[in-house]
Every structure is written in structure tokens, then in C-alpha cells.
Amino acid sequence: MLVVALLLLALSPVTIDAPIRIGQLALLLAGFVVLLGLNLVLLRRVLSPLFRLTETMSSVDPDRPGRRLSTVDLFSAEGQALAHAFNDMLERLESARRAAARTALAAQEAERLRVAQELHDEIGQTLTAVTIQAERAADGDPVVASQALRDVADAVRESLDEVRRIARELRPEALDDLGLVNALIALCTRVGAQDGLRVRRELQGRLPAMPSDVELVVYRIAQEGLTNALRHSEARSATVSLTADAERMTLRVVDDGKGMPAQLPRDTAGIAGMRERALLVGGGLSIESRPGQGTEVRLEVPVDPEGA
């Protein structure tokens, strides 16, 4: 089109005077309108595949995976490259979503299995023993019945303590009643009371208001980090620190254990679960570990300036 305009200017007998005449101005405006119309028509024809591509992108439903963009109607190399890149992105997103769903399902089933085993092994056996003791007390010597009933009461009390412990692990009641800092203090105290691990606390006193889901994520990642230090790292001590400024809240769980083996996959169920929790609240999780030099779990969550 530019070549045609150049040829018309060079070969046509049209002349332009200064000052310009009305007829010459009308001729220039007519040529401008014609060139503008041709430009719009050609651009619309060239960009029409991209318009169809945009409509298809908008119609992609994450709940109905498998749909991909077709490159048959895209004549330009740029459009085809864009369609290929979008299809690759959909593949990665669907793959990540399937992996996240599998991880969440595995975590739920593992938690259910753990609770079922504890109920069967602890509560079930205790209540079975209580039932036998109560039957013996009812059928036995009245002289020793009072002592047997006291033993039954003690066993029931222990079972209630076990039920409360399991309930606390399922949902930390201190988090709802006392706040994040006090819940972390209770967690560190409970873990430190077990043999083999000394837990230090470095918790900032005044924290910005955070949504409840963010506080729960911080608590669960701290719990997972301490649990790994207690069960797997053979650590003697661990430190839980929580700080915050105007932009982000930072949680660090550091232990002095043996670290993660070099051949251990970095996306195990526990690590994948922590990463998923961090992503749910827009945070970032990093794990630094070297064999024999301990492990550091670091979570950074952006602070909402408007509060919870």
C-alpha cells in the first residue's frame, strides 16, 4: 500500500500549490480517507486470527481440561508461536493442578490414617481395658470394687487427654483463642517437652493483623518444620523465629541436624504440602539444607496493608 501511494505521488499529474487550493485539499483528503480505509481493512484481515485466538483463550475453562488452541487458522508465524506458548502454559498448569490435587489427597488420607491408627491403638485399647475392668468390678468382690472403679476413672481420664491431644493436632485451638504468637509458643513448648530436641523461640511481640488462613499456614509450616527436625534430622536443637515489617512476615525454622540427603527428592509429600500451603496465601517457601549442616525452612508472606 505504501508503494502504491508512492507511485501515485510520483506519476500522477496532480500538483500542489502553496497556498493550497480547495480542490487540491479535497483530493488529498480523499486520498487519505481511501488509504486509511484500505489500511483498516488489511489490518483487520491480518489480525482476525488473533481475535479468534483471544476469544478461544477467554473460553478456556480450568474445570474442563484438555482444550487447546488450534494453529490451523493462524497464518502468521507470530500467531502460531503465541498459540504454541499458550498451549504449553495450559499443559504446565494442568500438570501442576493434577500434582497438587494428588498431593492434597495423599495428605488428607495420610492424616486420616494417622488419626485412625491413634484412635485404634490408644483410645480403642484403653476403652477395651476400661470395659474389662468395669465388668470385673461389677462381678467381683465388693471390697475391691471401689479401687477398680478408681482405676476405671483414671483410664477414662487418660483417654480424654488423648482425645484432646488428637483434637489439638487436627485444629490448634490456641490459634483461635490466643493468636499466632501464643499458638507458636504452645507448639514450641509441646515439641520441646519431648525427648531429644531443645526448641528456642525468637518471636516478635507485635505483629501486623493477618487473615486467619495466613496465620494457619504459618502455624502449620512451623509445625511441619519442627516435626521433621524431631523425627528425621536427629537435631539437638531448633529455632523458630517469626518477624514482620511493613511488607512481609517471615517465618524461619532452623535446626542443627544432619540435613537432607543429597539423593532425597526435594518435592516429597511434606515439602510439597508446605509449598502448596505457601502458594495458597501468596507466599514463598524456601528450604536450605546440606548434609551434616542442618536445615532451614523459610516462609515469606506479604503483609496486607489493610490488615485482616
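For the structure, check the block above.
Here is what the cut-offs are and how they apply
Counting from 1, residues in each chain are numbered in the order their sequence is written. Note on the predicted model: pLDDT of at least 70 is required for a residue's local features to be given, and 80 or more for side-chain atom pairs to be given and counted; whole-chain, interface and lining totals, by contrast, use all residues. Derived side-chain values reflect all non-hydrogen atoms in the structure, with water molecules and hydrogen atoms excluded from consideration. By salt bridge we mean one thing: a side-chain nitrogen of Lys or Arg within 4 Å of a carboxyl oxygen of Asp or Glu. A simple rule labels every residue: compare its accessible area, found with a 1.4 Å probe on the protein chains alone, to the largest value its type can have, and call it buried under 20%, exposed over 50%, or partly exposed in between. For the purposes of this entry, the term helix denotes a DSSP run of H or I that reaches at least four residues, the term strand denotes a run of E that reaches at least two, and both are numbered from the N terminus. Method remark: on a 1 Å grid restricted to protein atoms, a set of points is classed as a cavity if a 1.4 Å probe fits but cannot get out and as a pocket if it is open with protein on both sides within 12 Å along at least five of seven lines; lining residues have an atom within 4 Å of a point. Grid points are joined across faces, edges and corners, and a volume is the space filled by probe spheres set on the points. Three classes are used: nonpolar for Ala, Val, Leu, Ile, Met, Phe, Trp, Tyr, Cys and Pro, charged for Asp, Glu, Lys and Arg, and polar for all others, with Gly counted as polar. Two strands qualify as a pair provided DSSP detects at least 2 bridges between them. Orient the strands so they point away from the viewer; a crossover is then right-handed if the path from the first strand over the helix to the second runs clockwise. Simply put, an axis is a line fit to the C-alpha atoms, just over the touching stretch for a helix, and the angle between two N-to-C directions goes from 0 to 180 degrees. Geometric relationships in this document are graded by angle, where less than 35 degrees denotes roughly parallel, more than 145 denotes roughly antiparallel, 65 to 115 denotes roughly perpendicular, and other angles denote oblique. Crossing handedness is read from the near helix: turned anticlockwise from the far helix by less than a right angle, it gives a left-handed crossing, and turned clockwise, a right-handed one. Contact definition: two residues touch when any of their heavy atoms are within 4.5 Å. What goes into a patch is any residue over 30% in relative accessible area without a salt bridge, connected to like charges within 9 Å or, for nonpolar side chains (Val, Leu, Ile, Met, Phe, Trp, Tyr), within 5 Å. In these tables, accessible area is a Shrake-Rupley quantity obtained with a 1.4 Å probe, and a residue counts as shielded only by the protein chains included in the view. Residues enter a nonpolar core if they are buried and are Ala, Val, Leu, Ile, Met, Phe, Trp, Tyr or Cys, with the set joined through side-chain atoms within 4.5 Å.

With the rule as written, the count across this model stands at eight salt bridges. Residues Arg248 and Glu247 are paired through a salt bridge, measuring 3.9 Å at the closest nitrogen-oxygen approach. Since its relative accessible area comes to 35%, Arg248 is described here as partly exposed. You can call Glu247 exposed: its relative accessible area is 53%. The shortest N-O distance in the salt bridge between Arg248 and Glu300 comes to 3.8 Å. Of this pair, Arg248 sits in strand β3 (residues 248–255) while Glu300 sits in strand β5 (residues 295–302), and the two are 52 residues apart along the sequence. Residues participating in the shared-partner salt-bridge network are Glu247, Arg248, Arg252, Glu296, Arg298 and Glu300.

You will see that Glu234, though not glycine, has its phi angle at about 55°, which is positive. Note on Glu234: relative accessible area 63%, which makes it exposed.

Now for the layout of surface pockets. In this structure, the second largest pocket spans a volume of roughly 400 Å³. Looking at the second largest pocket, it is lined by 13 residues, and the ones nearest its centre are Leu8, Leu9, Leu27, Leu28 and Gly31. For the lining of the second largest pocket, the secondary-structure elements that each account for two or more residues are α1 (2–11) and α2 (22–59). Of all the elements, α2 adds the most residues to the lining of the second largest pocket, at six residues. Considering only residue class, the lining of the second largest pocket consists of eleven nonpolar, two polar and no charged.

Of the pairings in the sheet, the one linking strand β1 (residues 198–203) to strand β2 (residues 237–244) comprises six bridges and is parallel in character. Note on β2: the bridge partner recorded for Val199 is Ala238. Each parallel crossover has a hand, and the one from β1 via helix α7 (residues 212–231) to β2 is left-handed.

Between helix α6 (residues 180–192) and α7, whose axes approach to 10 Å, the crossing angle comes to 15°. The angle between the axes of α6 and α7 places the two elements in the roughly parallel class. Here α6 runs over α7; the crossing is right-handed. Here α6 contributes Leu180, Ala183, Leu184, Leu187, Cys188, Arg190 and Val191 to the contact with α7, which in turn contributes Glu215, Val218, Tyr219, Ala222, Gln223, Leu226 and Leu230. Taken together, the residues of the contact of α6 with α7 sort by class into eleven nonpolar, one polar and two charged.

Turning next to a nonpolar patch on the surface. A grouping of Val14, Ile16, Ile20, Leu25, Leu27, Leu28 and Leu29 is seen on the molecular surface, where their side chains present a nonpolar patch of about 580 Å² in accessible area. Among the secondary structure elements, Leu27 is positioned in helix α2.

With that settled, consider the nonpolar core. The nonpolar side chains of soluble globular proteins are, as a tendency, buried together. Ile221, Leu226, Leu251 and Leu299 are the most contacted members of the largest nonpolar core, which totals 37 residues. Elements with a minimum of two residues in this core: α5 (173–178), α6, α7, β2, β3, α8 (269–280), β4 (284–289) and β5. Looking at this core, the element that brings in the most residues is α7, giving seven residues. Within the second largest apolar cluster, five residues are counted, among which are Leu53, Leu69, Ala83 and Phe86.

One open sheet accounts for five strands, arranged β1-β2-β3-β5-β4; its pairing is mixed. Looking at which strands have only one partner, the edges of the open sheet turn out to be β1 and β4. Here the strands of the sheet are splayed against their neighbours by 10° on average, with no regard to which way each runs. Contacting β1, β2 and β3, α6 runs over the sheet at an angle of about 165° to β1. The strands touched by α7 are β1, β2, β3, β4 and β5; relative to β3, the strand with the most contacts, the crossing angle is about 10°.

Turning our attention to the pairing of β2. Across the eight residues that make up β2, a large majority, seven, are buried. With seven bridges connecting them, β2 and β3 associate as antiparallel partners. Each bridged residue has a counterpart across the sheet, and for Thr239 the counterpart in β3 is Val254.

Let us now look at the side chain of Asn87. Tracing the backbone shows Asn87 in helix α3 (residues 77–139). Setting aside its immediate chain neighbours within four residues, Asn87 contacts Arg68 and Leu69.

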